[in-house]
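The residues making up each chain are set out below.
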Amino acid sequence: MEGTEALKPMASARLSVAVHPLVILNISDQYTRAKVQSTGRELKILGAIIGKQSGREVEVCNSFDLNFTEISDGVLVDVEYLELRQKQYEAVFKTLEIVGWYTVGSTEPGRREMSLLKQLTSFNENPILLKFNPTPHGSRQPVTVYESVIELAPAGGQPVVQFVEVSQTMAAEEAERICVDHVARLQSNDRTAESEVVGPLSAQHSAVKMLHSRVLLLLDYIKDVQDGHLDADLDILRSISSLCNRLPLMDSQELVESSNEQSRSVMLMAYLSSLTKNCAALNEVITKFNFCEERAPRRSRPYPQGPA
């Protein structure tokens, strides 16, 4: 399409992008949910990607979906919602910022992506585009990353903004590798494949299941003794009574006081953290104010003149 043609990786060295698996999982989950809920209409999926950028290196760490409205010449993004989500992420992850946006489709960027580019430049001067292809061919990765560049037209023509496909790599932390391994093994046709997460969880599940069966056995024994179906064994009853006495009572006063004390400690830590942040902000304001006062020119006041 004129003015927004996607170039092939002839300029792939322009930008280096590292994509975390969490981003692909988020987009795939959003696409799956939208496809299940759709009734045959065309799927329109849009979201923002956040990460870190250092020079010409971009690391895409996470993503979230956006609210938008389809218009005649493109897409209108809900800027207020985007600003709200940006502030929420900045409050928790100080080093992450909005680095671009993502869409779903197998076609090259066109007029729709150009309208989104103009709206997102207020959050990042050169946002990248991550396009997710739900039906990739062969061993090709399901995502393609584009960078917007300005090409100068010959003979004094108007400059043209174009999308250039850039190189990308996969970057994963330990938790992401475990999660991806778990999902891949669950989707595998090999029945013997087992995730690293399943082993510890299976052991805990077996222990809880065995404890539950033993408790039910004790309950059945007590009911049979009360109904007269079995003779009472004092040794067994004493053991059951001793076991029950070891369990803390949920309505005991000590448990309530301990829970309240822990709750007050957590709230106190939250208040102290908020107070520390406010003190740091106030200290920064005072420092800037003193700096401006020192740099401000001194104005001499004229002496008042008396009557002639």
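Source: prediction; values computed, not measured. (Residues numbered from 1 in each chain as written. Predicted model: local features only at pLDDT ≥ 70, side-chain atom pairs only at ≥ 80, totals over all residues. Heavy atoms only, no water.)

### Looking at the overall build of the chain
Piece 1. Within the chain one finds 7 helices and 11 strands.
Piece 2. Burial statistics for the chain: of 308 residues in total, 27% are counted as buried.
Piece 3. For the chain, the accessible surface area stands at approximately 22,400 Å², while carbon and sulfur atoms represent 56% of it. (Helix = DSSP H or I, 4+ residues; strand = E, 2+ residues; numbered from the N terminus. Buried < 20%, exposed > 50% of the residue type's maximum accessible area, 1.4 Å probe, protein only. Areas by Shrake-Rupley, 256 points an atom, 1.4 Å probe, with all protein chains shown as cover.)

### A look at the nonpolar core
Piece 1. Counting residues in hydrophobic clusters, the biggest one holds 21 residues, and the most contacted among them are Leu-46, Phe-64, Leu-66, Leu-82, Trp-101 and Phe-163.
Piece 2. Only β3 (46–54), β4 (57–65), β6 (74–77), α2 (79–92), β7 (97–104) and α3 (111–120) provide two or more residues apiece to this core.
Piece 3. In terms of residue count, α3 provides more of this core than any other element does, 4 residues in total. (Core = buried A, V, L, I, M, F, W, Y, C linked by side-chain atoms within 4.5 Å.)

### What about a nonpolar patch on the surface?
Piece 1. Taken together, the side chains of Leu-211, Val-215, Leu-216 and Leu-219 present a nonpolar region at the surface, about 350 Å² in accessible area.
Piece 2. The residue Val-215 is located in helix α5 (residues 198–227) in this model.
Piece 3. Looking at Val-215, the relative accessible area reads 41%, which means it is partly exposed. (Patch = residues over 30% accessible without salt bridge, like charges linked within 9 Å, V, L, I, M, F, W, Y side chains within 5 Å. Salt bridge = Lys/Arg side-chain N within 4 Å of Asp/Glu carboxyl O.)

### Topic: the confidence of the model for the chain
Residues shown with low pLDDT carry predicted positions that ought not to be read at fine detail.
Piece 1. Here the chain shows a mean pLDDT of 79. Residues at 70 or above account for 81%.
Piece 2. Within the model, the stretch residues 1–12 combines pLDDT values under 50 with 31 contacts to residues more than four positions away or in other chains. (pLDDT = per-residue confidence, 0-100. Contact = heavy atoms within 4.5 Å.)

### Comments concerning the side chain of His-20
Piece 1. Along the chain, the position of His-20 falls in the loop between β2 (16–19) and α1 (21–37).
Piece 2. Of the polar contacts made by the side chain of His-20, one reaches the backbone oxygen of Ala-171; its length is 3.1 Å.
Piece 3. Those residues in contact with His-20 that sit more than four places away from it in its chain are Glu-59, Val-60, Cys-61, Met-170, Ala-171, Ala-172, Glu-173 and Glu-176. (Polar contact = N/O pair within 3.5 Å; in protein donor to acceptor, adjacent residues only side chain to side chain.)

### Digging into the pairing of β4
Within a regular beta strand, the side chains point alternately toward one face of the sheet and then the other, so they alternate between its two faces.
Piece 1. Of the strand pairs in this sheet, β2 and β4 are connected by 4 bridges, and their pairing is parallel. If you follow Val-17 over to β4, its bridge partner there is Val-58.
Piece 2. Strand direction decides the pairing type here: β3 and β4, joined by 8 bridges, are antiparallel. Note on β4: the bridge partner recorded for Gly-47 is Asp-65.
Piece 3. The turn joining β3 and β4, which pair antiparallel and follow one another in sequence, is formed by 2 residues; a positive phi near 65° is taken by Gly-55. (Pairing = 2+ DSSP bridges.)

### Considerations on α2
Piece 1. For α2, spanning 14 residues, the distance from its first C-alpha to its last is 20 Å, which sits close to the expected 20 Å at 1.5 Å a residue.
Piece 2. The complete set of buried residues in α2 reads Leu-82, Arg-85, Gln-86 and Tyr-89. All buried residues of α2 project into a common sector of 105° when viewed along the axis, lining one side. Exposed side of α2, more than 90 degrees from the buried face: Glu-80 and Lys-87 are the residues found there.
Piece 3. Contacts made by the buried residues of α2 are with β3, β4, β7 and α3.
Piece 4. Structurally, the start of α2 carries an N-cap: the backbone nitrogen of Glu-80 is 3.4 Å from a side-chain oxygen of Asp-78. (Expected span 1.5 Å × (residues − 1). Arc of directions from axis to C-beta.)

### Digging into helix α6 (residues 234–246)
Counting along an α-helix, one turn takes 3.6 residues, and residues three or four places apart therefore face a common direction.
Piece 1. If you check α6, its first and last C-alpha atoms are 18 Å apart, about what 13 residues at 1.5 Å a residue would give, namely 18 Å.
Piece 2. In this structure Asp-233 caps α6, since a side-chain oxygen of it lies 3.1 Å from the backbone nitrogen of Asp-235.

### Quick word on the environment of Asn-67
Piece 1. With respect to the secondary-structure elements, Asn-67 resides in the loop between β4 and β5 (68–71).
Piece 2. Judged by its relative accessible area of 37%, Asn-67 falls in the partly exposed class.
Piece 3. For the pair formed by Asn-67 and Glu-80, sequence separation is 13 residues and the distance between their alpha carbons is 9.6 Å.
Piece 4. Contacts of Asn-67, omitting those with residues within four sequence positions, involve Leu-76, Val-77, Asp-78 and Tyr-81.

### Brief notes about the pattern of salt bridges
Piece 1. Applying the stated criterion to the full structure yields 6 salt bridges.
Piece 2. One salt bridge connects Glu-70 with Arg-112, and the closest N-O pair in it is separated by 3.3 Å. With Glu-70 in strand β5 and Arg-112 in helix α3, this residue pair connects regions lying 42 residues apart in the sequence.

### A few points about the packing of aromatic side chains
Piece 1. Under the defined criterion, the tally for this structure stands at 3 aromatic pairs.
Piece 2. A centroid spacing of 5.3 Å and a plane angle of 20° characterise the contact between Phe-64 and Tyr-89, whose relative ring orientation is stacked. Note that Phe-64 is positioned in strand β4 and Tyr-89 in helix α2, a separation of 25 residues in sequence. The pair formed by Phe-64 and Tyr-89 is uniform in burial state, with each residue classed as buried. (Phe/Tyr/Trp six-rings, centres within 6.5 Å; stacked < 30°, edge-to-face > 60°.)

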